[in-house]
Structures are given as structure tokens and as C-alpha cells.
Amino acid sequence: AVGYATRTRRPLCVAVVDLDHFKRINDRHGHQSGDRLLKSAASAWRTALRESGTLARYGGEEFAVALPGCSMRVAETVLERLRQLTPGEQTCSIGLAEWSPGESAVDLVARADAALYEAKRSGRDMLVAA
């Protein structure tokens, strides 16, 4: 995605999405319930993304979202819609970063991840932009 942004000189936003208090689901209801939640959340979230957006599991209960061609303003709108689509009573926290020319993919994801942790420290169930 960074290569795309470099070649086309178009914006690129990356987000890291984390299901809030996911460990509680596994502890209270078992890992099968947790797995079902991961699948239903991913399915619901994909409906918020344009065809060019990509959602991928990033780790445990975290997902990465790449939004090529999206400015920060557009990405915030898309990701707020994604956040609202989180199934059931579950919530999620989102960290968002927009690529800066010359920035590596690793640094871009690290900024989105740092924004995610700011969302979690600030009370969860929100989007924070880097």
C-alpha cells in the first residue's frame, strides 16, 4: 500500500482496530464464542469499506485496515461507520494514521498502533487519529 501511495502520490490511511475487552469474552464464554465474535465483526466491518479498502486480522483481536486513496477526513468517516457496525454490545477502539511521503510501512503502522493505544487509554470505544 505504501508503494501504491508513493507511485500514485495519492493519500493512504492505515488503521488498527481492536475489539475492546476481548479477553473477557473468551474468559466468560469460551474461545468458540470469541472466534464467532471475530468472524461476525470482520464480516460487519467489511460492509463499511469501499472495494479498495482492505481488512486483515493483525493479531489476537486486532485488525488492520488499509484505505488507499482516502484522505484522513474520508478515512475517519469510514472508520466511524465501521466502529458503529461492531456487532452486539461489543465495542472497538481504532487508531488511524495517514501516510507521509517517505515514511516506511512499519512507521506508518506504528503510528496507527500508538493512536490505538491512546484510544484505549482515553476510555475505549473511539477513534483516535495520529
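All of the points below concern the structure found in this document. (Residues numbered from 1 in each chain as written. Predicted model: local features only at pLDDT ≥ 70, side-chain atom pairs only at ≥ 80, totals over all residues. Heavy atoms only, no water.)

1. Some thoughts on the overall build of the chain
The secondary structure content of the chain amounts to 5 helices and 5 strands. Written out in order from the N terminus, the α and β elements of the chain read α-β-α-α-β-β-α-β-α-β. For 130 residues, the compact-globule estimate of 2.2 N^0.38 gives 14 Å, and the C-alpha radius of gyration of the chain, at 14 Å, lies within 12% of that figure. The principal-axis extent of the C-alpha atoms belonging to the chain is close to 45 × 30 × 20 Å. Burial analysis of the chain (130 residues in total) assigns 44% to the buried set. The long-range share in the chain, meaning contacts at least 24 apart out of those at least 6 apart in sequence, stands at 64%. Looking at the chain as shown, the accessible area adds up to about 7000 Å², and 50% of this sits on carbon and sulfur atoms. Each charge class in the chain was averaged separately, 18 positive and 16 negative side chains, and the resulting centres sit 4 Å apart. (Helix = DSSP H or I, 4+ residues; strand = E, 2+ residues; numbered from the N terminus. Rg over C-alpha atoms; globule rule 2.2 N^0.38 Å. Buried < 20%, exposed > 50% of the residue type's maximum accessible area, 1.4 Å probe, protein only. Contact = heavy atoms within 4.5 Å. Areas by Shrake-Rupley, 256 points an atom, 1.4 Å probe, with all protein chains shown as cover. Lys, Arg positive; Asp, Glu negative; His and termini not counted. Charge placed at Lys NZ, Arg CZ, Asp CG, Glu CD.)

2. Topic: helix H5 (residues 105–121)
Compared with an ideal rise of 1.5 Å per residue, which puts 17 residues at 24 Å, H5 spans 24 Å between its outermost C-alpha atoms and is within 8% of the ideal. Of all the residues in H5, the buried ones are Leu-108, Ala-112, Ala-115, Leu-116, Ala-119 and Lys-120. On an axial view of H5, the arc spanned by its buried residues comes to 145 degrees, and they lie on one face. In H5, the exposed positions angled more than 90 degrees off the buried face are occupied by Val-106 and Arg-121. The first or second residue beyond H5 is Gly-123, which carries a positive phi of 125 degrees. (Expected span 1.5 Å × (residues − 1). Arc of directions from axis to C-beta.)

3. Digging into helix H4 (residues 72–84)
Taking 1.5 Å per residue as the helical rise, H4 with its 13 residues ought to reach 18 Å, and the 18 Å between its terminal C-alpha atoms agrees with that figure. Looking only at H4, the buried set comprises Met-72, Ala-75, Val-78, Leu-79, Leu-82 and Arg-83. Around the axis of H4, the buried residues are gathered within 140 degrees of arc, so they sit on the same side. For H4, the exposed residues lying more than 90 degrees away from the buried face are Arg-73 and Gln-84. Buried residues belonging to H4 abut strand E1 (12–19), helix H3 (31–46), strand E3 (62–68), strand E4 (92–98) and strand E5 (127–129).

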